[in-house]
Amino acid sequence: MMVSALIEREQASSAFPVRNGVFIAVVGPSGAGKDTIMAYAREHFAGEDGVDFVRRVITRPSDGATEDHDTLTEEAFRDAEAKNAFALSWYAHGLHYGIPASVDVAIGDGRVAIANASRGTIAALRARYENVAVVEITARPEILAERLSARGRETREQVLARLARGGAMELSGPGVSTIDNSGEKEIAGDRFVAIIRKAIAFADVGRF
């Protein structure tokens, strides 16, 4: 995983870190159910001001079965990256991912922005935003293996390799929470909603 050099140059600007709001980075291994828990929270906060669920840009067609995102070709993505269209961008598993630059404005306005991120981008996020909460959504190994196998996209060897990569990086630093999503989605979903509520309260205080 590699954060764009362009982003690193931008972080040297006096405009960073962006203050007032809170960026919530949702991370975790494939099969943990990040999209499911985020969708649960999105429904909970539907119509509520102050919370933005960020629509990422990915060099992968949207299939309707996973995360709803905007799609660009690799060439178009690189062009957008060169034009500072992303607050953050990275490359993983053969794909380019981008978080729109509009997130900077949202955070500066005291909003809470929530996005699926990579654990490899956390340092860059903390450099770019004053207030970052990291929420790791995970599940027991046998649950992860079962969910990944059910997708039918990878061989058993590929599934095992994914699980091995998922446990290779330990999370550290301030503002890290872990949610076990091995059971009913409502249990993990309500925990995530509570974390977002705390972020909203923090951002509200920061605006006064």
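Conventions we followed
- Residues numbered from 1 in each chain as written.
- Predicted model: local features only at pLDDT ≥ 70, side-chain atom pairs only at ≥ 80, totals over all residues.
- Heavy atoms only, no water.
- Helix = DSSP H or I, 4+ residues; strand = E, 2+ residues; numbered from the N terminus.
- Buried < 20%, exposed > 50% of the residue type's maximum accessible area, 1.4 Å probe, protein only.
- pLDDT = per-residue confidence, 0-100.
- Contact = heavy atoms within 4.5 Å.
- Arc of directions from axis to C-beta.
- Pairing = 2+ DSSP bridges.

Novice: Help me out: how do you make sense of unusual backbone geometry in this one?
Specialist: The general pattern is negative phi for most residues beyond glycine and trans for most peptide bonds. Cis geometry marks the peptide bond from Phe16 to Pro17, where omega comes out at 5°. Here Pro17 lies in the loop between α1 (5–11) and β2 (22–27). Positive phi outside glycine occurs at Asn84, with the angle close to 60°. Following the sequence through the fold, Asn84 ends up in the loop between α3 (74–82) and β6 (86–92). For His93, which is not a glycine, the phi torsion comes out positive at approximately 55°. For His93, the position within the fold is in the loop between β6 and β7 (95–100). When its relative accessible area of 47% is taken as the criterion, His93 is described as partly exposed.

Novice: Which parts of the structure should I look at to understand the confidence of the model for the chain?
Specialist: A low pLDDT score tells you not to read the predicted coordinates there in detail. Confidence in the prediction for the chain averages 86 pLDDT; 80% of positions are at 70 or higher. Note on residues 5–12: pLDDT under 50 across the span, and 17 contacts to partners over four residues away in sequence or across chains.

Novice: How should the environment of Phe192 be read in this particular structure?
Specialist: Position of Phe192 relative to the elements: it lies in helix α8 (residues 185–206). What makes Phe192 buried here is its relative accessible area of 0%. Note: C-alpha distance between Phe192 and Ile137 (55 residues apart in sequence) is 9.2 Å. When neighbours within four sequence positions are excluded, Phe192 is seen to be in contact with Ile24, Val26, Ile37, Met38, Ala41, Ile114, Val135 and Ile179.

Novice: Mind showing me how you'd approach α3 here?
Specialist: For the α-helix, the turn length of 3.6 residues means that residues three or four positions removed from each other point alike. If you check which residues of α3 are buried, you get Phe77, Ala80 and Glu81. Mapping the buried residues of α3 onto a view down its axis gives an arc of 100°, with all of them on the same face. Exposed and facing more than 90 degrees away from the buried side of α3 are Glu75 and Ala82. Count one or two residues on from α3 and you reach Asn84, which has phi positive near 60°.

Novice: Teacher, can you tell me more about the pairing of strand β8 (residues 112–116) here?
Specialist: For a regular strand, the rule is simple: side chains alternate between the two faces of the sheet. Most of β8 sits inside the fold, with five of its five residues counted as buried. Here β8 shows two buried faces, one formed by Val112, Ile114 and Asn116 and the other by Ala113 and Ala115. Bridging between β2 and β8 involves five bridges; their strand directions are parallel. Its bridge partner being in β8, Phe23 is matched across the sheet by Ala113. Sheet topology note: the strand β3 (residues 51–53)/β8 ladder contains three bridges and is parallel.

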